[in-house]
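Residues per chain are reported as follows:
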Amino acid sequence: MMMKQSRVIEQQSRLSEPLASCYPWLVLPHSEDESGQTFCSITKPFKSIVKSTSKFRIKQVLGHSYGWLIISRKTIVKPAIRHEFISLWNPVSSESINLPPLDLNPDQEIFAASLLSPPGNPDSVVLVFDHIVESFIFCKIGDKNWTKIPANETGMETGIIDDEPSDYNRFLDCCPLNYKGRCYVAMSGELKVIDQVKPNQIMLRSLNCDLPRLDLSTSATHQRYLVESRGQLCVIDITLGGLDFRQVLDIEIFGLDSLTMEWSQVKSSKDRAFFFSMNAYYALSCAANKSGIEGGFVYFTSGTDKILYSFNIEDRSISIRLPFKNFSPRTTPFWFKPDSRSIKKKTEVNQIISREVKRGGEEKQIETSLKLKSRSFHPWLMFADKGNGRTLHTFIDPNLGGRHMMNIPESIIDFDIRYSKEGWLLMSSKVEGDLMFFYNPFRKNLIPVPPRTLWDANHSFGFSRSPTSPAGCIIVGISMGLFSYLNLSRDEQWHQEWREDDPYFTPTHTSPVYFNEAFYFLGQEGNLGVLWFEESNDELLYHWDILETPTNPCDSFDQSYLLECDGNIFAVSVDNLGEDIGVYKLNKTTMAWHKVKDIGKNMFFVSSSSSFSMVAKTPGMGNKIYFPKIKGKEIVYYCLITGKYGSFGSKQEAANFYSTTEYLCSAWI
């Protein structure tokens, strides 16, 4: 596959009905002009439209209802009060509605909002929500003041009717969703609905339907979205980890059966696509194909890095679709979808910039199932390919490319890779996080691991040696405040211990390194946590220590990896687009990270579940870092000599990760 950079062609034109297409647009606010935004379509050819909200600036988007954006445009905080200024904006018609100032307590912060009906309805009401709903706050459009009713004072006389009043079920999980004339609310893990039964009377009632259970197989944070998709109510669950929990570790989608009120996982959706932005609490969906948008994907942005990502629902891979490099990193993008019922036939805009991205022709990829007969001189990238109903493990050679496939044993079909070493994989169930196995795909060996009956999930796992090693195998896992371990040959159950951190240690989601009989964990501050064991009277004693001296080697990175090479510990840090990358060596004397520009004949293979080094025996493979990313059919590497990305199947070089794909839960083996 040719690694060609996209050529961007800009042209000026005018167009009526610029936003009339009923698919989502990605909106990029302008930092230099706080009232300006660029609306970017993700259909082909790609185009963008510049619009302006001349009357106000957008501080935060609180919600999206009936083709209107609910916007917080300004906040004034005083010692005893907080003033919130909220507006409605329709980008298609350029209409805006300013609501009266909302006075809140200083510690209150509105993060979500919803319209119960379109603004054209004379009884249209705007509801706003704090994370913990201590009061119901709403405003009828046209009113001069907001109405605030304490949650514990609901009743017929107040205008808020709650069929299940309680002080403990008031945590809002995500932004409410308008669906079939009702406002659905995810509150404290339960699905509820808000009905406007009268102009001045609102009812909150339970549907007796719990939200889908969270994946607790790994210690992480979750962000959820309610979304309507092709007539079905869906929940998108995002698993986040990495630095400050900004890295997407997994995405799961669940659809609700309206008859049984039960959730089922959406594992394929070629007829639709989903959209969300990490800095907004609402999500959107649209039909695929007819809209020109490729179905079967979740399109999203993360923070302020100005990258459009796509998540393949079938094979659980993340690709970098488009980098928006010309926009300030201080602004945060969001999504907008016009409402087909309110689109006007003629709308004029001042300026339209059309961008068309031309790519080289892509060959149709034909997969061939091959049996791996022998090991090569370097590891292979391995990941699960469950698309189109297949249950296969796919292997890619970083040097020769090509795909080789093996059937996944039925007993571990729904298992994810947690750690890889010496040809063995430690795998755990996504459905039941306490179930674990060792698996050797080359020998087809499966070794059960005692189930984890612990209540705390883990950021990452590691093990000391092969599970068949005569020297024994110790498995470890780490979470925010604890670590767990198991001596595979002796223990029938896991041990879990509180860490006594001073200072507090926040682990990353990258795999640990077993070095000099100790496990080294990388912290988000660049420091290291060390866990080692010793035997005493047939008992395994643990020791935990934090090395304070090493601190963050660089100011800007999104992903980091830890590995051992030539008797030293190295760290690799990189941002999401791959434009800021660094390799650092731990100085054993000063215990500080020092940047290195050359690793000689060594090869670094990095991924969240396995990172290690090897001496290159194949010419041309040394002095490179191999990432778990694919461009076309080839593995992507970073060359320390050229400072560019490349692959062995192409002579082209690239400056970033644009147009690459990473399979989640992949590993080097």
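Up top you'll find the structure we're talking about.
Just so you know, these numbers come straight off a predicted model, no measurement behind them.

Trainee: Which parts of the structure should I look at to understand the pairing of strand β11 (residues 125-129)?
Mentor: Looking along a regular strand, one sees the side chains alternate between the two faces of the sheet. Counting buried positions along β11 gives five out of five residues, so the element sits mostly inside the fold. Pairing between strand β10 (residues 112-115) and β11: four bridges, direction antiparallel. Considered in β11, the bridge of Ala112 is made with Phe129. Taken together, the four bridges between β11 and strand β12 (residues 135-140) define a ladder with antiparallel strand orientation. Bridge pairing in β12 places Val125 opposite Lys140. Counted between consecutive antiparallel strands, the loop separating β11 from β12 contains five residues.

Trainee: Looking at this structure, how should I read the pairing of strand β45 (residues 559-565)?
Mentor: Of all seven residues in β45, six are buried; the element is thus mostly enclosed. Bridging between β45 and strand β46 (residues 568-574) involves seven bridges; their strand directions are antiparallel. Looking at the pairing, Tyr561 lines up with Val572 of β46. The antiparallel pairing of β45 with β46 creates a hairpin that spans two residues between the two strands, and Asp566 there sits at a positive phi of about 55 degrees.

Trainee: I keep staring at the packing of aromatic side chains and nothing clicks. Help me out?
Mentor: Pairs of aromatic rings are described using the distance from one ring centre to the other and the angle between the two planes. For the structure shown, the criterion picks out 39 aromatic pairs. Among the aromatic side chains, those forming a connected cluster through ring pairs are Phe483, Tyr485, Phe505, Phe521, Phe533, Tyr542 and Trp544. Across from the ring centre of Phe297, 4.7 Å away, lies the NZ or CZ of Arg321, which sits over that ring. Note that Lys629 overlies the ring of Phe657, its terminal NZ or CZ placed 4.7 Å from the centroid.

Trainee: Just to check I follow, could you spell out the side chain of Glu190 for this structure?
Mentor: Tracing the backbone shows Glu190 in strand β17 (residues 190-198). Buried and unpaired, Glu190 has no salt bridge, with Lys192 as the nearest side chain of opposite charge at 4.8 Å.

Trainee: Mind showing me how you'd approach empty space enclosed by the protein here?
Mentor: Here the idea is plain: a probe the size of a water molecule rolls over the atoms and shows the empty space left. Applying the stated criterion across every chain yields a total of five cavities of 30 Å³ or more. Forming the walls of the largest cavity are 38 residues, and the residues nearest its centre are Gln247, Val248, Leu249, Ser608 and Leu664. Those elements that provide at least two residues to the lining of the largest cavity are β21 (247-257), β27 (317-323), β33 (415-421), β37 (460-463), β51 (624-631) and β55 (661-663). It is β21 that provides the largest number of residues to the lining of the largest cavity, a total of four residues. Classifying every residue of the lining of the largest cavity by side-chain character gives twelve nonpolar, 17 polar and nine charged. Its volume calculated, the second largest cavity comes out at about 80 Å³. What lines the second largest cavity is a set of eleven residues, among which Gly242, Gln247, Thr508, Gln559 and Ser560 lie closest to the centre. Looking at side-chain class alone, the lining of the second largest cavity contains two nonpolar, eight polar and one charged residues.

Trainee: Would you explain the environment of Pro122 in this entry?
Mentor: Within the element layout of this structure, Pro122 appears in the loop between β10 and β11. Sequence separation between Pro122 and Lys140 is 18 residues; the distance between their C-alpha atoms is 8.7 Å.

Trainee: Is there a simple way to explain unusual backbone geometry in this structure?
Mentor: Among all residues except glycine, the phi angle is most often negative; among peptide bonds, the trans geometry is most common. Even without being a glycine, Met261 presents a positive backbone phi close to 60 degrees. Within the secondary structure, Met261 sits in the loop between β21 and β22 (262-265). Positive phi values are uncommon outside glycine, yet Ser659 reaches one of about 70 degrees. As for its placement among the helices and strands, Ser659 is situated in the loop between β54 (650-654) and β55.

Criteria and cut-off values
Residues numbered from 1 in each chain as written. Predicted model: local features only at pLDDT ≥ 70, side-chain atom pairs only at ≥ 80, totals over all residues. Heavy atoms only, no water. Buried < 20%, exposed > 50% of the residue type's maximum accessible area, 1.4 Å probe, protein only. Helix = DSSP H or I, 4+ residues; strand = E, 2+ residues; numbered from the N terminus. Pairing = 2+ DSSP bridges. Phe/Tyr/Trp six-rings, centres within 6.5 Å; stacked < 30°, edge-to-face > 60°. Lys NZ or Arg CZ within 6 Å of the ring centre and 35° of its normal. Lys, Arg positive; Asp, Glu negative; His and termini not counted. Salt bridge = Lys/Arg side-chain N within 4 Å of Asp/Glu carboxyl O. 1 Å grid on protein atoms, 1.4 Å probe; cavity = no way out; pocket = protein on both sides within 12 Å on 5 of 7 lines; lining within 4 Å. Points joined across faces, edges and corners; volume = space filled by probe spheres on them. Nonpolar A, V, L, I, M, F, W, Y, C, P; charged D, E, K, R; others polar.

Interpretation in functional terms is not warranted from these geometric data alone.
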